[in-house]
Amino acid sequence: MRRYLPDFIVLVDDGHGPDDLLHLVVEIKGYRREDAKEKKLTMDSYSVPGVNHLGAYGRWAFAEFTEVYQIEADFEARVESQFDELIAAAANGSLAPRQSISDRSANYLQKHFGDGHLLAISNAIWRAIDSNPDRAFHLSDIEAVATEVRCKPDDALSVLGLLASPSACFLQMELRSAEYPEEAVSSEEFIGKLREWWKKKTVSREEWERWAGTITVRWIIAKREEGER
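Here, residues in each chain are numbered from 1, in the same order as that chain's written sequence. Only residues with pLDDT of 70 or above have their local features reported here, since the model is predicted, and side-chain atom pairs are shown and tallied only from 80 upward, although totals for entire chains, interfaces and linings are computed over all residues. Excluded from the side-chain calculations are hydrogens and water; all other atoms, namely the structure's heavy atoms, are used.

S.K.: How would you sum up the packing of aromatic side chains? Please name residues and give values.
M.R.: A pair of aromatic rings is counted whenever rings of Phe, Tyr or Trp (Trp by its six-membered ring) have centres within 6.5 Å, and the orientation is called stacked for planes under 30 degrees apart, edge-to-face for over 60 and tilted otherwise. This structure, assessed with the given rule, holds 6 aromatic pairs. Centroid distance Tyr108 to Phe170: 5.9 Å. Interplanar angle 75°. Geometry classified as edge-to-face. Note that Tyr108 is positioned in helix α3 (residues 101–113) and Phe170 in the loop between α6 (153–163) and β5 (171–177), a separation of 62 residues in sequence. Owing to a relative accessible area of 11%, Tyr108 belongs among the buried residues under this scheme. The buried label goes to any residue with under 20% of its type's maximum accessible area, the exposed label to any with over 50%, and the partly exposed label to all in between, with areas taken from a 1.4 Å probe on protein chains only. Look at Phe170 and you get buried, because its relative accessible area is 6%. Through a chain of ring-to-ring contacts, the aromatic side chains of Phe190, Trp197, Trp208 and Trp211 assemble into a single cluster. Think of it this way: any DSSP run of H or I at least four residues long counts as a helix, any run of E at least two long counts as a strand, and we number them from the N terminus.

S.K.: Provide a residue-level description of the nonpolar core, including the pertinent values.
M.R.: Take the buried Ala, Val, Leu, Ile, Met, Phe, Trp, Tyr and Cys residues and link them wherever side-chain atoms come within 4.5 Å; each set so joined is a nonpolar core. Among the nonpolar cores identified, the biggest contains 35 residues, and Ile121, Ile125, Trp126, Phe137, Val145 and Leu171 are the most heavily contacted of them. Contributions of two or more residues to this core are made by α3, α4 (117–131), α5 (141–149), α6, β5, α8 (205–212) and β7 (215–221). Take this core: its biggest share by element is 7 residues, from α4. Contacts are assigned to residue pairs with any non-hydrogen atoms lying within 4.5 Å of each other. Those residues in contact with Ile125 that lie beyond four places of it in its chain are Phe137, Val145, Ala156, Val159, Leu160 and Leu171. By size, the runner-up hydrophobic cluster in this structure holds 7 residues, among which are Val12, Leu22, Leu24 and Val26.

S.K.: Tell me what's going on with the sheet that holds strand β3 (residues 59–65), and back it up with residues and numbers.
M.R.: The 3 strands are arranged β1-β2-β3 in an open sheet whose pairing can be described as mixed. Single-partner strands in this sheet number two, and they are β1 (8–12) and β3. Across the sheet, the mean angle separating the axes of adjacent strands is 25° when strand polarity is ignored. Pairing between two strands is assigned when DSSP locates at least 2 bridges connecting them. The pairing of strand β2 (residues 22–28) with β3 spans 7 bridges and is classified as parallel. Among the inter-strand pairings, His23 is bridged to a residue of β3, identified as Trp60. For helices, the fitted axis covers only the stretch in contact; all axes are lines through C-alpha atoms, and the angles between them, taken along N-to-C directions, range from 0 to 180 degrees.

Structure representation (structure tokens):
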């Protein structure tokens, strides 16, 4: 583990307004030693995708400039590329035909995690949602998805977590009690009950299992996405 202090963090108004500036981490390098290469790889592969996925600290990007006489031109090109992405996103959202939610979720995963097994899992999840009468993904669907794409059930759960995260918000987890099926159980209530049993020990294991056994879990299309499929 190492502490990383970048040369600059430039706040760029790339069209989102003063309350949503792009945080551009800038490194100025001459001769690139191996540690500089590792730093760039870490920023591009882990740090920037991670903080953007979390969504709690704004939008971030990384740029490394190596030629002193090209810094200004390189900087302008890096900012322009971010602006081009903004324009493309606006065009896709308002001028071009709107993509399906499954396509947009695939683009999201590809942007943050690259091509790979996650896309296959995501596609299988959306196929399951389309095939279910209530257009939701159930815990019982996890084994079928894992079998279809030859992954572990934990991998399917991880992708569900990504698609339902605050930064993505394609899906949302819904909890309901068998005793009161017309009322949703809030995540706060569920976590509170779990904490009472697991950490505070104010609820016995038998009480927890009896209560949790009445809770059904499913993932539904997020409110903002309703009507998009």
